[in-house]
Amino acid sequence: MKTVGVLALQGSFREHLRQLAKLDGILPCPVKTTRDLAQVDGIILPGGESTAQGKLLRDFGLLEPLRTRIQQGLPIWGTCAGLILLAKRITDHEPAHLGVMDITVRRNAYGGQLDSFSTSTVLPAVSPEPLPLVFIRAPWIESIGENVEPLAVQDGRIIAAKERHMIATSFHPELTDDPRFHAYFVGQIA
Ligand code: GLN
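Fair warning: this is a prediction, and the values are worked out from it, not measured in the lab. (Residues numbered from 1 in each chain as written. Predicted model: local features only at pLDDT ≥ 70, side-chain atom pairs only at ≥ 80, totals over all residues. Heavy atoms only, no water.)

## Thoughts on unusual backbone geometry
Here's step 1: Located in the positive-phi region is H93, a residue other than glycine, with phi close to 60°.
Here's step 2: Examined against the element boundaries, H93 turns out to sit in the loop between β5 (87–90) and β6 (101–106).
Here's step 3: Classification of H93 by relative accessible area gives exposed; the value is 82%.
Here's step 4: A positive phi is found at R137, a non-glycine position, where the angle reads about 40°.
Here's step 5: Mapping R137 onto the fold places it in the loop between β8 (131–136) and β9 (140–144). (Helix = DSSP H or I, 4+ residues; strand = E, 2+ residues; numbered from the N terminus. Buried < 20%, exposed > 50% of the residue type's maximum accessible area, 1.4 Å probe, protein only.)

See below:
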């Protein structure tokens, strides 16, 4: 049994827990404290609002312990706001939060009419069949470091990437009924 945490301070954590509950051999675990964090074999950072989540991580004393565990190799996947928390660089001189993944992200990158939208695409690492993609005031990945592998590109923009044990997606697999991305992530946990 693998214990898979979901940071449960703000945002779409219930939806992630619901998706994890569909998978065999997985114990989903909401993470609000350092004690919760100590139990998990992998963790998901949900979508929501990255500034609020960054502040809550600091207020709950979780920012440093979480960063330490990631640096020690804890498998982690950030969706949307979670991607922003992982990034080493945010455009427009915004300070980083966890700052562990060698990517530059642009917040709210799809302005105006494309603010929120759904589409689908094939992510070869995840499945040969197209995956539904939901974007909500989503960031995109503006540039990546040399050890980062793009997992999906949409209209010339990187929307999913992987660096060793860290995965980041602009979109929200937790807001669909499709658990394939969750299955892919838990498959990365040893
Ligand atoms: N726009 C949000 C932010 O910048 C992210 C949106 C989301 O997680 N759906 O934090």
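## Overview of the site of the ligand
Here's step 1: All residues adjacent to the ligand are G47, G48, E49, S50, C80, A81, I84, R107, N108, I136, R137 and H172.
Here's step 2: Between S50 and the ligand, the recorded distance is 2.7 Å, taken from a backbone N or O atom to an oxygen atom.
Here's step 3: For the ligand, a nitrogen atom lies 2.7 Å from a polar atom in the side chain of N108.
Here's step 4: Spatially, the ligand is embedded in the largest pocket.
Here's step 5: The residue inventory of the shell around the ligand, partitioned by class, reads four nonpolar, five polar and three charged. (Near = heavy atom within 4 Å. Polar contact = N/O pair within 3.5 Å; in protein donor to acceptor, adjacent residues only side chain to side chain. 1 Å grid on protein atoms, 1.4 Å probe; cavity = no way out; pocket = protein on both sides within 12 Å on 5 of 7 lines; lining within 4 Å. Sits in = over half its atoms within 2 Å of the grid points. Nonpolar A, V, L, I, M, F, W, Y, C, P; charged D, E, K, R; others polar.)

## Comments concerning the side chain of Q19
Here's step 1: Residue position: Q19 is located in helix α1 (residues 13–21).
Here's step 2: Polar side-chain contacts of Q19 include one of 3.1 Å to the backbone oxygen of P173.
Here's step 3: Residue contacts for Q19: discarding those within four places in its chain leaves P173, E174, T176, D177, D178, P179 and H182. (Contact = heavy atoms within 4.5 Å.)

## Comments concerning the packing of aromatic side chains
Here's step 1: On inspection of all chains with the given rule, the structure shows nine aromatic pairs.
Here's step 2: A centroid spacing of 5.7 Å and a plane angle of 50° characterise the contact between W77 and F185, whose relative ring orientation is tilted. Highlighted residues: W77 in strand β4 (residues 76–79) and F185 in helix α6 (residues 180–187), separated in sequence by 108 residues. Like F185, W77 is buried.
Here's step 3: Ring centres of F181 and Y184 lie 5.4 Å apart, and the angle between their planes is 80°; this geometry places the pair in the edge-to-face category. With F181 and Y184 both in helix α6 and three residues apart, the pair spans about one turn of that helix. Note on accessibility: F181 and Y184 belong to one class, buried. (Phe/Tyr/Trp six-rings, centres within 6.5 Å; stacked < 30°, edge-to-face > 60°.)

## Things to note about the pattern of salt bridges
Here's step 1: Enumeration over the complete set of coordinates arrives at eight salt bridges.
Here's step 2: One salt bridge connects R106 with D92, and the closest N-O pair in it is separated by 3.7 Å. Of the two residues, R106 sits in strand β6 while D92 sits in the loop between β5 and β6, which places them 14 residues apart along the sequence.
Here's step 3: Under the relative-accessibility criterion, D92 is labelled exposed at 60%.
Here's step 4: Residues D178 and R180 are paired through a salt bridge, measuring 2.6 Å at the closest nitrogen-oxygen approach.
Here's step 5: Taken together, the salt bridges that share partners define one network made up of E49, E94 and R107. (Salt bridge = Lys/Arg side-chain N within 4 Å of Asp/Glu carboxyl O.)

## Things to note about helix α3 (residues 50–59)
Here's step 1: The complete set of buried residues in α3 reads S50, Q53, G54 and L57. Here the buried residues of α3 occupy an arc of 100° about the axis, which is enough to place them on one side. Turned more than 90 degrees from where α3 packs its buried face, K55 and D59 sit exposed.
Here's step 2: Measuring from the backbone nitrogen of T51 back to the side-chain oxygen at the start of α3 gives 3.1 Å, which picks out E49 as the cap.
Here's step 3: Downstream of α3 by one or two residues, G61 has phi in the positive range, about 65°. (Arc of directions from axis to C-beta.)

## A few points about α1
Here's step 1: For α1, the complete set of buried residues consists of F13, H16, L17, Q19 and L20. Down the axis of α1, the buried set is contained in an arc of 160°. They therefore lie on one face. More than 90 degrees from the buried face of α1, the exposed residues found are R14 and A21.
Here's step 2: Where α1 is buried, its residues touch β1 (2–7), β2 (26–31), β3 (42–45), β4 and α6.

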